[in-house]
Amino acid sequence: MAIPPNPVLRAAVRWLERLPSTSTARCRALFTNHADFSDVTPTQYEAAYSWLSENGLLEDTHSSIAVSERVFRTAIASSGAAWLPDADVLVRAPDELPEDALRAAEALNVPASQAYEQVSAVWGKVDMAARARIGNAGELALIKLITEATEARVEHVAAYSDGFGYDIAVHAQQHPLHIEAKSTVRRGRRTFFLSRHEYETMCRDQAWQLVTVQLSQDLDAVAVSSVAAEWINAQVPQDRGAFGRWEACRLDVPPEALIPGIPRLGPLLGSEAATVLMPGVQNC
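Remember, predicted model here, so these are calculated numbers, not experimental data. (Residues numbered from 1 in each chain as written. Predicted model: local features only at pLDDT ≥ 70, side-chain atom pairs only at ≥ 80, totals over all residues. Heavy atoms only, no water.)

(A) Here's a closer look at the state of the cysteines. Under the criterion given, the structure shown has zero disulfides. Here Cys-249 stays free of any disulfide, with the sulfur of Cys-203 as its closest cysteine sulfur at 11 Å. (Disulfide = S-S within 2.5 Å.)

See below:
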């Protein structure tokens, strides 16, 4: 659903401003009959009411958040805008706000700086939900691939604890492997977050391996790559004082840092192993 037209956004604000103190029927009569509200048609008022209902804004009309901010944030979050999943890269300052977001901000009298903050907040929630869904799908897809390709016991440790510092354990006496899986559906962009705990596990656990999983839109694994610990170690921040400590960092992994397949899994792979797992096979 695209961001509603300006009259519908203005109508949504008027509904939320008046509903806390009067009934829906009285608001409807006011909007329909009073000249001060005639710049918006009855049809647009009804469209705004339906939009507010569909997005849950009528469930708490006494919110302490400013009405215009609530309407703007919901308009962005529910828009399905193609730019929103990549807003962290595409929108890095108020003057980089997309045209549809600027239009909504102007219609609602939301300053560009405030609109930028709202877009960043919406992106954070959208990205967190997407990361959880895609991350779990990538882990399950990788477990399926490894289970079908080896005789080793494969355990999804992240399913019951995030305290291991990795997601998947491949139990093999001679070649154990502890995989931290990072998944994406975005082609050409492998941006992941590494926690301090995951990094410190990498430093002390020789079996630890970061593996990237490229998923299709249907969440099938289409490419698998490994990232060397040496490369990761060269990218992470450093604590610069006794009273500061980084807890997570973002890694933008370039193509040249990706090692096709999972080379450390090589000794365990059977002849029927999926191509995407094979060391040295170029993945997309």
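From this point, the discussion proceeds with the structure in view.
(B) Examining the sheet that holds strand S6 (residues 221–227) more closely. Judged by pairing direction, the sheet is mixed, and its six strands sit side by side in the order S1-S2-S3-S5-S6-S8 without closing on themselves. One side of each edge strand has no neighbouring strand; the edge strands of this open sheet are strand S1 (153–155) and strand S8 (258–260). Within this sheet the neighbouring strands show an average axis-to-axis angle of 35 degrees, counted without direction. As paired elements, S6 and S8 share three bridges and run antiparallel to each other. Residue pairing across strands places Ser-225 opposite Pro-260, the latter belonging to S8. (Pairing = 2+ DSSP bridges. Helix = DSSP H or I, 4+ residues; strand = E, 2+ residues; numbered from the N terminus. Axes fitted to C-alpha atoms, helices over the stretch in contact; angles between N-to-C directions.)

(C) How the structure looks around the side chain of Thr-61. Here Thr-61 is to be found in the loop between helix H3 (42–54) and helix H4 (67–77). When near neighbours in sequence (up to four residues on either side) are disregarded, Thr-61 contacts Leu-16, Leu-19, Pro-20 and Arg-70. (Contact = heavy atoms within 4.5 Å.)

(D) Main features of the pairing of strand S3 (residues 177–184). Counting buried residues along S3, eight of its eight residues qualify, which places the element largely inside the surrounding structure. Side chains of S3 alternate between two faces, with Leu-177, Ile-179, Ala-181 and Ser-183 and His-178, Glu-180, Lys-182 and Thr-184 buried alike. With three bridges connecting them, strand S2 (residues 168–171) and S3 associate as antiparallel partners. If you follow Ala-169 over to S3, its bridge partner there is His-178. From the end of S2 to the start of S3, which pair antiparallel, there are five residues. When S3 meets strand S5 (residues 208–215), the two strands line up parallel, connected through seven bridges. Its bridge partner being in S5, His-178 is matched across the sheet by Trp-208. (Buried < 20%, exposed > 50% of the residue type's maximum accessible area, 1.4 Å probe, protein only.)

(E) Up close: H4. Burial within H4 is extensive, with eight of its 11 residues counted as buried. Buried within H4 we find Val-67, Glu-69, Arg-70, Val-71, Phe-72, Thr-74, Ala-75 and Ile-76.

(F) Broad picture of the packing of aromatic side chains. Counting across every chain of the model gives seven aromatic pairs. Both rings, one in Phe-31 and one in Tyr-45, keep their centres 4.4 Å apart while their planes meet at 5 degrees; by these two values the pair is stacked. Separated by 14 residues along the polypeptide, Phe-31 in helix H2 (residues 24–33) and Tyr-45 in helix H3 bring together distant segments of the chain. Neither residue differs from the other here; Phe-31 and Tyr-45 are each classed as buried. (Phe/Tyr/Trp six-rings, centres within 6.5 Å; stacked < 30°, edge-to-face > 60°.)

(G) Looking closely at the packing of helix H1 (residues 6–18) against H3. Close contact between H1 and H3 brings their axes to 8 Å; oriented N to C, the two are set at 70 degrees. Judged by the inter-axis angle, H1 sits roughly perpendicular to H3. Regarding H1 and H3, the two cross each other, and that crossing is right-handed. Contacts between H1 and H3 involve Pro-7, Val-8, Ala-11, Ala-12, Arg-14, Trp-15 and Leu-16 on the former and, on the latter, Gln-44, Tyr-45, Glu-46, Ala-47, Ala-48, Tyr-49, Trp-51 and Leu-52. Tallied by class, the residues present in the contact of H1 with H3 amount to 12 nonpolar, one polar and two charged. (Parallel < 35°, antiparallel > 145°, perpendicular 65-115°, else oblique. Left-handed = near helix turned anticlockwise from the far one by under 90°. Nonpolar A, V, L, I, M, F, W, Y, C, P; charged D, E, K, R; others polar.)

(H) The arrangement of the environment of Arg-196 in detail. With respect to the element layout, Arg-196 can be found in helix H8 (residues 196–204). With relative accessibility at 10%, the residue Arg-196 sits in the buried group. Each C-alpha atom of the pair Arg-196 and Trp-246 lies 7.0 Å from the other, and the pair is 50 residues apart in sequence. In this view, Arg-196 contacts Asp-239, Arg-245, Trp-246, Glu-247 and Ala-248; residues no more than four positions away in its chain are not counted.

(I) Main features of the packing of H4 against helix H7 (residues 112–149). Taken N-terminus to C-terminus, the directions of H4 and H7 make an angle of 50 degrees; their axes are 10 Å apart at the nearest point. Relative to H7, H4 is oriented oblique. Seen from above, H4 lies across H7 with right-handed handedness. Across from Glu-69, Phe-72, Arg-73, Ile-76 and Ala-77 in H4, the residues of H7 making contact are Gln-114, Ala-115, Gln-118, Val-119, Ala-121, Val-122 and Lys-125.

(J) A look at the pattern of salt bridges. Summed over all chains, the structure comprises 16 salt bridges. Put simply, Arg-18 and Glu-17 hold a salt bridge, and the shortest N to O gap is 3.3 Å. A salt bridge links Arg-92 to Glu-96; the nearest nitrogen and oxygen atoms lie 3.7 Å apart. Here Glu-96 falls in the partly exposed class, since its relative accessible area comes to 31%. One network of salt bridges, in which partners are shared, links Arg-196, Glu-200, Asp-239, Arg-245 and Glu-247. (Salt bridge = Lys/Arg side-chain N within 4 Å of Asp/Glu carboxyl O.)

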